[in-house]
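Each chain, letter by letter, is given below.
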Amino acid sequence: LLRIIPRREGKLPKEFAIQALTMRSLGIAEQMPFTATLTNPVPKGQIETSGTFGPWQKGQPGATPLAGNYSFQKADLGTIKGIGGILDSTGTFQGELQRIAVKGETQTPDFHLDISRQPVALNTSFEAVVDGTDGDTYLDVVHAKFLQTAITARGAVTGTKGVKGRTVKLNVHIDDGRIEDLLRLAVKGDPLMIGRVGLQTDFELPPGERDVIEKLLLA
């Protein structure tokens, strides 16, 4: 039995802090059950996860298998400048360290943009592939819904060497949504238009400290 409890978060990698890690049947030639508690900084929240890791692939660490489930609770979207809400997410993962298939869902009952501060209940389900060696995430499909509008998106969240943060690039479709739902997110007060809307756009959100609305690119 191996149990790791770091004394100071400041000595840990900046992207997340491991609060506790427990591994059993420890051995590089064995499949090792584990439980872990992580603190995620952006959005800020706590991740509880359990599963199996190994056997360790000495010549090719990225091929080391792993599988399990996670729970990400009370994540504060307000730690991303320009948006807000409290997000909960649960899901499962399996694959190899360099290619982890993740399936999950999220619920954010009070999602909002700071520009309008009109909250909506946003629910999503998603399938993604995560490269556990660098954190890049490739979104096979995301299904999202708020009010009467359903959204489908595909894309990636990737880093660039030498640049702090990650870039979000998505292709977004709305087949039969409501224009008043979109305006509710972006405009204070009652929407000025109502009606059905279809949308197809390339969505890019570069890294940086600016407000989401100020740096968001749509084509």
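Let me begin by describing the structure that accompanies this report. (Residues numbered from 1 in each chain as written. Predicted model: local features only at pLDDT ≥ 70, side-chain atom pairs only at ≥ 80, totals over all residues. Heavy atoms only, no water.)

1. Here we look at the overall build of the protein
And then number 1: Regarding its fold elements, the protein presents two helices and 14 strands.
And then number 2: Oriented by its inertia axes, the alpha-carbon framework of the protein measures out at about 65 × 35 × 30 Å.
And then number 3: Looking at the protein as a whole, 39% of its 219 residues are labelled buried.
And then number 4: The long-range fraction of contacts in the protein, counting pairs at least 24 apart against all pairs at least 6 apart in sequence, stands at 38%.
And then number 5: Here the protein has roughly 13300 Å² of accessible surface; of this, 56% comes from carbon and sulfur atoms.
And then number 6: For the protein, the separation between the mean place of its 25 positive charges and that of its 25 negative charges on side chains is 7 Å. (Helix = DSSP H or I, 4+ residues; strand = E, 2+ residues; numbered from the N terminus. Buried < 20%, exposed > 50% of the residue type's maximum accessible area, 1.4 Å probe, protein only. Contact = heavy atoms within 4.5 Å. Areas by Shrake-Rupley, 256 points an atom, 1.4 Å probe, with all protein chains shown as cover. Lys, Arg positive; Asp, Glu negative; His and termini not counted. Charge placed at Lys NZ, Arg CZ, Asp CG, Glu CD.)

2. Remarks on the pairing of strand β5 (residues 65–76)
And then number 1: Of the pairings in the sheet, the one linking strand β4 (residues 44–53) to β5 comprises nine bridges and is antiparallel in character. Looking across to β5, one finds that Ser50 is bridged to Asn69.
And then number 2: Sheet topology places β5 next to strand β7 (residues 86–96); 10 bridges connect them, and they run antiparallel. What sits directly across from Ala67, in β7, is Gln94. (Pairing = 2+ DSSP bridges.)

3. A short note on the packing of aromatic side chains
And then number 1: This model, assessed by the stated rule, comprises one aromatic pair.
And then number 2: With a centroid separation of 6.3 Å and 40° between ring planes, the pair formed by Phe53 and Trp56 is classed as tilted.
And then number 3: Residue classification places Phe53 among the buried residues on the basis of a relative accessible area of 19%. (Phe/Tyr/Trp six-rings, centres within 6.5 Å; stacked < 30°, edge-to-face > 60°.)

The analysis is restricted to geometry; functional conclusions fall outside its scope.
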